[in-house]
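Chain residues, written in single-letter form:
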Amino acid sequence: MGFARACSVALVGVEGVVVEVQADLEPGVAAFTLVGLPDKSLVESRHRVRAAVVNSGAEWPQKKLTVGLSPASVPKGGSGFDLAVAAAVLGAAERIDPGKIADLVLIGELGLDGRVRPVRGVLPAVLAAAEAGYHQVVVPEQTAGEASLVPGVSVLGVRSLRQLIAVLSDEPVPEEPPGPVTGRPDAMLAGLMVPGAGVGTGLAAGVGGDGHRPDLADVAGQAAARTALEVAAAGGHHLLLHGPPGAGKTMLAERLPAVLPSLTRQESLEVTAVHSVAGMLPPGEPLVRTPPYCAPHHSATMQSLVGGGNGIPRPGAVSLAHRGVLFLDEAPEFSGRALDALRQPLESGHVVVARSAGVVRLPARFLMILAANPCPCGRHTLHGAGCECPPSAIRRYQSRLSGPLLDRVDLRVDVQPVDRSDLLGQGGRGESTAEVAARVRDARQRSAARLEGTPWSVNSEVPGHELRTRWLVAPGALAAAERDLERGLLTARGLDRVLRVAWTVADLAGHERPEARDVALALELRTGIARGARASAGGVS
């Protein structure tokens, strides 16, 4: 009787669980039994592994073979266990030394010819292995760069099972063809990308085929909206752009990711892990360094927004926008259930999806931009435009954005139609993305220095109690906000959000603490009521 074990990783959402793959050989009729709560694709690995072992020049054991995946209570799926199953079987058959694979984590799919194909989710799998105390992993060669992002882990990238057998047996490593025939796409990379997953969920917003990146200088006029965009980027505040079609709402939203600071190392790993599981990592770019941008169509279902699907839930748009921007164009056209499902992740920074196959916690700390027209035809606020929508239809359309959802939006700006002077450049070209991004970066540094030693990193995350007791505004600066609270124009949550925005405005202006004009601008951005504090087009003054 022969026995050997190796390790692999089962992904539950974007979190991994190390699985021990045990192979047992005993006399009897030749059979291959796989146990341990596998799904359909994992059950089929019996045929892939057997063909791969035989075509790699190794002998398949003609005995009763049982492969167990432990812990048996964790659901396991996908083809990433193939390499570990093959190694455990060869160890039990004494083709390779069982001691060399006992503490080795192997991730990869096997082709029938023995080639090792890449799979999705390598980064979160290797992160889980490192947290469990494993220091050696074997992955497909195409994903070795992604696995190497985890510090303290030795990564071996292999092209075939033959190479792995040779390495573990101290034999000469055979050469394998490095890539596809010239002029053809690499079929080995097909397992890394989900067909259609990149539609509306690009890592860079609006990048054209010629490499042109959108710049804020392309936006004509819109001083108020540009100021709100800058405040949103500096403090992580959610933003509603309300105005007629063609005013530039989408243009502004597409330029927001470039204004945001680059991701930190930890944030990059979080974002890369989500996109790796979702099959959206571009080949050759294992680490995401810029804030992602996700713009789902208004016909998106609730499951596609917050996560879901058959079996173990998969990341939705809110998770794909983690540490980046979620843009909901034509927001009132989204279903009410889908919009209201955003309320929890907007507050907590994560989403918990419960399905019959398990409960998954997915990261979802994003900056939300809503764009809405004033009425179904979009011409309600335009003079002489001929809006024929009845008042009841306008009220019904505007009420699709519920009060609880809007209460979580810190900034609300009316985007006015562009006039002729701005459109033809007579008003002067606006500031570029680089200039605005520099101010945002400085403001983020000021807030980070103030919040050092706390669990918060931007002003939008600070609880209202802390703002009212620990970081106080200038004396008398809250007089206008207190009056609005007494009149019912502001809720208690609204007052806290005004305080957060006021701190962001003060950081942009370089003030030690919010003054009366900072609070006035925060109130204007929150309520839309003019208070004589409108910032200039050149930033917050």
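No experiment lies behind these values; they were computed from the predicted model shown.

Undergrad: Honestly, the pattern of salt bridges in this entry has me stumped. Any pointers?
TA: Side-chain pairing between opposite charges can occur once the charged atoms of the two side chains come close. Evaluated as defined, the whole model comprises 26 salt bridges. Across the salt bridge formed by E267 and R323, the nearest N and O atoms sit 3.8 Å from each other. Of this pair, E267 sits in helix α11 (residues 265–278) while R323 sits in the loop between α13 (317–320) and β12 (325–328); the two residues are 56 residues apart in sequence, bridging distant segments of the chain. For R323, a relative accessible area of 24% translates into the label partly exposed. For D496, the salt bridge is made with R468, and the minimal N-O distance between the two is 2.3 Å. Taken as a pair, D496 in helix α22 (residues 492–509) and R468 in helix α20 (residues 464–469) lie far apart in primary sequence, 28 residues in all. Taking relative accessible area as the criterion, D496 reaches 14% and is therefore assigned buried. On the basis of relative accessible area, R468 is assigned to the partly exposed category, the value being 43%. One network of salt bridges, with partners in common, ties together E347, R408, D410 and R497.

Undergrad: Explain the confidence of the model for the protein chain here, please?
TA: Caution is warranted with low-pLDDT regions, since their predicted coordinates should not be read in detail. Residues of the protein chain with pLDDT of at least 70 account for 89%, and the chain-wide mean is 87. Looking across the protein chain, the model is least confident in helix α18 (residues 420–423), with a mean pLDDT of 69, and most confident in strand β5 (residues 105–106), with 98.

Undergrad: Any chance you could explain the environment of L240 here in plain terms?
TA: Along the chain, L240 falls in strand β10 (residues 239–242). Accessibility expressed as a relative area gives 8% for L240, which makes it buried. The residues touching L240, leaving out its near neighbours within four places in the chain, are L370, A372, L401, L406, V409, L411, R412 and V413.

Cut-off values and rules
Residues numbered from 1 in each chain as written. Predicted model: local features only at pLDDT ≥ 70, side-chain atom pairs only at ≥ 80, totals over all residues. Heavy atoms only, no water. Salt bridge = Lys/Arg side-chain N within 4 Å of Asp/Glu carboxyl O. Helix = DSSP H or I, 4+ residues; strand = E, 2+ residues; numbered from the N terminus. Buried < 20%, exposed > 50% of the residue type's maximum accessible area, 1.4 Å probe, protein only. pLDDT = per-residue confidence, 0-100. Contact = heavy atoms within 4.5 Å.

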